[in-house]
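Overview (structure and organization)
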Amino acid sequence: MQEVELIELCKKNDQRAMQVLYDLYVPKMRGICFRYARTVFEVDDILQEAFVRVFLKIGTYKFQGSFEGWVRRIVINSAINYYKSNINTFKQIQLDELPDDTAGVVEIADNLSVEYLYEMINMLPPGYKFIFNMYAIDGYSHKEIAEMMNITESTSRSQYTRAKKQLVLLLEKKSYLYENVK
Amino acid sequence: MSNNIEEYFKSRCSNHEMHEGRNLLPCICERLDKIRSRNKIRNVISGIAASILLITSVYFGYNSFQTEFTIKNTLAQDDNQQVNTPKVTNAVTLTNEIEASNTIKQVEVGSIINESVTVLGKYRGQVIILPDQSRISLEKGSSISYHPQFGIDNRKITFSGIAYFEITPDKNKPFIIETNNSITKVVGTAFNLVAIAGMPDQISVTSGIVEFGDSQSKIKTRIVKGQKAEIIASEVKVERIRNNNFMSWKTGSLVFEETPLKEIIPVVKQYFEKDLILQNPALQNCTFSGQFEKPELKDFLDVLSLSLNIEYKIKGKKVILTGAGCGK
C-alpha cells in the first residue's frame, strides 16, 4: 500500500490502517524517544502521548514535507511537553556566549555501539540533552528549537555549545576521542 | 570548524530503530475515543450556549450581554492558567535525604535552579527514603520526581513505572502521586502502584486507605486494604486482592492456586517482562497451581508446561505456548 493511501485511511479512523501505520513508524520513533527520555517506562509514556496526537491531528496533515518528519516533530514535542518542568529551567540562567573550543579537528573511535552513544547523551543534564538531540541529531535549526522549546535563539545556541563541550569532555574522559593526525 | 561530533552522532543515531516494546495502540485508541467523545459533548454544549447567547442578546440588547459574557470567559481562563512562578531555591544547598538501602546512592539532583529532583530505579527493589521518611521501593526503570520544596507546603510526586509505597502519616499534608493517567491521594498507608503506558494504571492496597482516580475526570474512589483497582476507560474498577503476585517483582515469590492461564499472563509480563502468547485460545481456561521463590523464566515455564501438558518456545520478548486446551 502507498503511504498516501495509508494516511488517507487513518484520517477516516480505519483501525487496521492505524495499526499498520503504528507498526511502520514505532521502531524509529522509539529510537528517538530513547534519546530524549530517561527510562523505558517514560519512553512508552511519551510514545503513547505522541501517537494519540498523531492520530488526532492526522486530518490536518497536508502532504507537505515528509510524513516521517511530521511524526518525528510530534514525538519530540511530546517529549518536550513531558519534561516541561525539567528542561525549560535554564531560561533563568545568565547567558554568556562561550567560545567553541571544541572546534579542533577530532576523531571519535568508531567502535562505539549506538546504545553506548545513547548512554552518553543521557548523561547530559536534561536541557543540554534536548538541545543536543534536536540540533545535532534531529537536524533542527536554532530558530526551530527556540520555537519548539519556547526559548530564545541565543539561548539555544549557547546551550548547544555547552552541551557539545560537555559531551566532548565525557568522550575524552573515556578516551574515545583523539586528535586527528594526518 | 569541524562538525565531526554532530556528523558522527547524527549518522549513528538519527535513524536508529528499536523493535522491542509493547504494542501501545489499544491504549492509544482508547484515549482517542475518550478525547473525541469529550470534544463532541463540548461542541454540543458550546452550540447550545451560543444559541442561548444569540436569543438572549436579541432580547436584552447585544452590547450589555456581550460584555458580561467576555468577562466570564476571561475569568474562566484565569482559573485554568497554571501559576508557574518558580521560586528561586538554591538546589546546591539542598540536602537530599534520599538513600538507597543497598548503599548505592542514586540521586540525580538538578544542577539548575528550581529543577525537580528525579530518582531513577537502576535495579529491581531499589529503596528511596523521601525527606518525610516515606519509603518507596522502585522496580528497575521506574522513576519518581518531586519539587525541591517537597514536604514544606505539600507532598506531591510524579511517578512512572512500578513501585511499592509506604507513606509516613501526615494528616495535614496528604501525599499525592500523579502519573500520566491517574492521581492517588493518601494520608498514611502502603500500596503497590503500576503506571505503565499501554496498560491501565493499577493500585493494590496492603494497609490503610487511598483515594485513586483518573487524572482527567478527577473523580476519586476510596480503595481500602485488601482491594485492588484499575482505571479502565476513565472509570475505577475495584476488586478484592486474591493473591500477592502484584508484589512479586519485589518479593520474588509467585503463588498460583487453581489460577486460570489468562490470569497468569499479566503476572508473567510484570515479573519476567515477557508476553505469554496462547496459540490455542482454549488454553485460557487451563488452571495452574504452584509456588515459586525467585524463579528463572525457564524453571517456571518447565513446571508450567509439564503440569499443563503443553509446549513452550521463547522468542525474544515473547513466550509462545502450544498444546490442546482445557475444558471449562
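Numbers given for residues are sequential positions, taken from 1 along each chain in its written order. Think of it this way: whatever chain is written first is A, whatever ligand is written first is 1, and the rest follow in order. Side-chain atom pairs in this predicted model are given and counted only at pLDDT of 80 or more, local residue features only at pLDDT of at least 70, and totals for whole chains, interfaces and linings cover all residues.

Section: unusual backbone geometry
Notably, N13 of chain A is not glycine yet its phi reads approximately 65°, a positive angle. With respect to the helices and strands, N13 of chain A occurs in the loop between α1 (3–11) and α2 (15–36). The class of N13 of chain A is partly exposed, set by 15 C-beta atoms lying within 10 Å. Backbone geometry places K294 of chain B, a non-glycine residue, at a positive phi of 40°. Its place among the elements puts K294 of chain B in the loop between β16 (287–293) and α6 (297–308). Residue burial here comes from a neighbour count, namely the number of other C-beta atoms, placed from the backbone, that lie within 10 Å of the residue's own C-beta, with 20 or more meaning buried, 12 or fewer meaning exposed, and in between meaning partly exposed. Exposure remark for K294 of chain B: the 11 C-beta atoms within 10 Å place this residue in the exposed category. Only DSSP runs of H or I covering at least 4 residues are called helices, and only runs of E covering at least 2 are called strands; the numbering of each starts at the N terminus.

Remarks on the confidence of the model for chain B
Residue and element names in this part refer to chain B. In the predicted model, chain B carries a mean pLDDT of 77, and the fraction of residues at 70 or more is 78%. In predicted models, pLDDT denotes the confidence assigned by the predictor to each residue on a 0 to 100 scale. Within chain B, no element has a lower average pLDDT than helix α3 (residues 62–80), which sits at 38, and none a higher one than strand β6 (residues 175–178), at 94. Here residues 60–113 is modelled with pLDDT under 50, and outside its nearest four sequence neighbours on either side it reaches 59 contacts, counting other chains as well. The ipTM assigned to the predicted complex is 0.82, against a pTM of 0.63. Throughout, a residue-residue contact means that the two C-beta atoms, derived from backbone geometry, are no farther apart than 7 Å.

What to know about the sheet that holds strand β18 (residues 318–322) of chain B
All names here are of chain B. Spatially, three strands are ordered β15-β18-β17 in an open sheet, and the strand pairing comes out mixed. Edge strands, defined here as strands with exactly one partner in the open sheet, are β15 (275–278) and β17 (311–315). Sheet twist, expressed as the average angle between the axes of neighbouring strands with direction ignored, equals 25°. Strands are treated as partners if at least two bridges between them are detected by DSSP. The pairing of β17 with β18 spans five bridges and is antiparallel. The residue bridging K315 from the neighbouring strand is K318, located in β18. Geometry is summarised by axes, namely lines fitted to C-alpha atoms with helices restricted to the contacting stretch, and by angles between N-to-C directions that run from 0 to 180 degrees.

Considering the environment of I137 of chain A
Residue placement: I137 of chain A occurs in helix α7 (residues 126–137). Among the residues examined, I137 of chain A registers 21 C-beta atoms within 10 Å and is labelled buried. Measuring from C-alpha to C-alpha, the distance between I137 of chain A and R35 of chain A comes to 9.7 Å, with 102 residues separating the pair along the chain. When sequence neighbours within four positions are dropped, the list of residues in contact with I137 of chain A reads R35 of chain A together with F9, K10, C13 and S14 of chain B.

Things to note about the environment of F34 of chain A
Here F34 of chain A lies in helix α2. As a C-alpha pair, F34 of chain A and E115 of chain A span 81 residues in sequence and 9.5 Å in three-dimensional space. Dropping the residues within four chain positions of it, F34 of chain A is found in contact with V43 and Y118 of chain A together with M18 of chain B.

Topic: helix α5 (residues 261–272) of chain B
Residues and elements named next belong to chain B. By definition here, a helix of n residues has an expected span of 1.5 Å times n minus one. When the terminal C-alpha atoms of α5 are compared, their 15 Å separation across 12 residues agrees well with the 16 Å that a helix rising 1.5 Å per residue should span. Regarding α5, the residues found buried are L261, I264, V268, Q270, Y271 and F272. The inward-facing, buried residues of α5 contact β5 (155–166), α4 (248–251), β14 (253–260), β15, β16 and α6. Positive backbone phi, approximately 55°, marks E273, located one or two places after α5.

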